[in-house]
Amino acid sequence: MKPLDEQQAAARSWFEHLRDRICAAFEAIEREAGSDAGFVYTPWDRVDPSGEPGGGGVRGVMKGKVFEKVGVNVSTVGGTFEGEFAKSIHGAGDDPRFFATGISLVAHMANPHVPAVHMNTRFLCTTKRWFGGGADLNPPIPYDADTADFHGAMQAACDAHDPAHYPRFKQWADDYFYIPHRQEHRGVGGIFYDHLSDDWARDFAFTREVGEAFLRIYPELVRRRMGRAFDDADRARQLEWRGRYAEFNLVYDRGTLFGLKTGGNIDAILMSLPPLATWA
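Residues numbered from 1 in each chain as written. Predicted model: local features only at pLDDT ≥ 70, side-chain atom pairs only at ≥ 80, totals over all residues. Heavy atoms only, no water.

Our next topic: the pairing of strand β6 (residues 129-138). Burial runs high along β6: nine of the ten residues are buried. With ten bridges joining them, strand β5 (residues 116-125) and β6 adopt antiparallel strand pairing. Paired with F123 across the bridge in β6 is F131. Taking the residues that link successive antiparallel strands as the turn, the β5-β6 hairpin has three residues. Across six bridges, β6 lies against strand β9 (residues 189-196) in antiparallel orientation. Residue G134 lies in a different strand from β9, and its bridge partner there is F192. (Buried < 20%, exposed > 50% of the residue type's maximum accessible area, 1.4 Å probe, protein only. Helix = DSSP H or I, 4+ residues; strand = E, 2+ residues; numbered from the N terminus. Pairing = 2+ DSSP bridges.)

Below, the structure written as structure tokens:
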């Protein structure tokens with residue numbers, strides 16, 4: 001992979017910094033619950049189809065008392081898209097060379113009352129350069145207060161940069177995180193954005209704010225619900241809901257497809273899948 005330029009290096013550094021802070025916050029919650037669980041980090045390397053080194057990343061996974069399974073991945077890859085896949089990527093139709101760096105997080109919780117969550121932000125370069133990502137809440141047992149507070153945090157992040165962002169990106173999340181064959185949404189939404197390329201510095205600042213908003217709100221929601229009692233019926237509801245989550249990620253998720261099409265680490269790509277799920 002070619003040496004990183006200033007923008008690429010800055011984006012990678014931010015995603016790694018955010019990863020470290022999120023993992024520390026999640027481990028602190030485990031300590032509060034009397035668990036000594038911690039993240040296990042596994043580095044991986046990628047070989048481009050050209051045979052040249054294609055970057056890589058670090059997969060971080062923790063399995064604890066509160067977080068049944070949480071993965072926080074950072075990857076920085078580059079090289080050449082293969083075949084027709086290049087035509088599906090913004091700016092790569094005429095030149096299949098690319099660079100991508102980003103953070104991807106999925107948390108599946110032990111207590112069904114604690115919402116699962118997904119967060120991903122990324123910076124891609126083809127013949128164009130853009131940021132994308134977002135965060136969405138996925139509770140097996142929804143609570144209106146949790147939904148309102150999560151959306152409030154995402155709206156605050158958006159409003160600090162452009163009041164038009166939140167209604168647009170909320171609708172984008174509602175449209176994207178939908179399971180057509182089930183005719184239902186994957187969760188209670190959040191924000192989703194892509195191809196943000198108006199002004200690099202401004203778009204990077206917004207992407208950082210999304211990460212900061214996530215780090216502020218999600219640990220609060222976990223602490224709010226993690227001590228709540230649950231029964232077998234709650235657990236059964238959670239496991240069936242996880243089946244829906246798996247269906248979306250395997251059939252529709254762009255990040256899963258991108259990772260598989262670019263020769264990423266399989267364990268890191270499929271980190272988003274729940275540890276247990278049922279199909280009734």
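Here the narrative resumes.
Further remarks concern helix α5 (residues 232-251). Taking 1.5 Å per residue as the helical rise, α5 with its 20 residues ought to reach 28 Å, and the 29 Å between its terminal C-alpha atoms agrees with that figure. Every buried residue of α5 is accounted for by D234, Q238, L239, W241, R242, G243, R244, Y245, A246, E247, F248 and N249. (Expected span 1.5 Å × (residues − 1).)

Burial in helix α6 (residues 254-261) covers these residues: T256, F258 and G259. Around the axis of α6, the buried residues are gathered within 165° of arc, so they sit on the same side. Elements that come into contact with the buried residues of α6 comprise β4 (97-109), β5, α5 and α7 (266-269). Where α6 begins, one side-chain oxygen reaches toward the backbone nitrogen of G255, 3.1 Å away; that side chain belongs to D253. (Arc of directions from axis to C-beta. Contact = heavy atoms within 4.5 Å. Polar contact = N/O pair within 3.5 Å; in protein donor to acceptor, adjacent residues only side chain to side chain.)

Another point: the nonpolar core. Core analysis: the biggest nonpolar cluster contains 51 residues, and I22, F26, F67, F214 and Y218 have the highest contact counts within it. At ten residues, helix α4 (residues 200-225) tops the list of elements feeding residues into this core. For I22, the contacting residues outside a window of four places in its chain are V72, I103, L105, M119, F214 and L215. With 13 residues, the next largest nonpolar core counts V77, A86, A92 and F258 among its residues. (Core = buried A, V, L, I, M, F, W, Y, C linked by side-chain atoms within 4.5 Å.)

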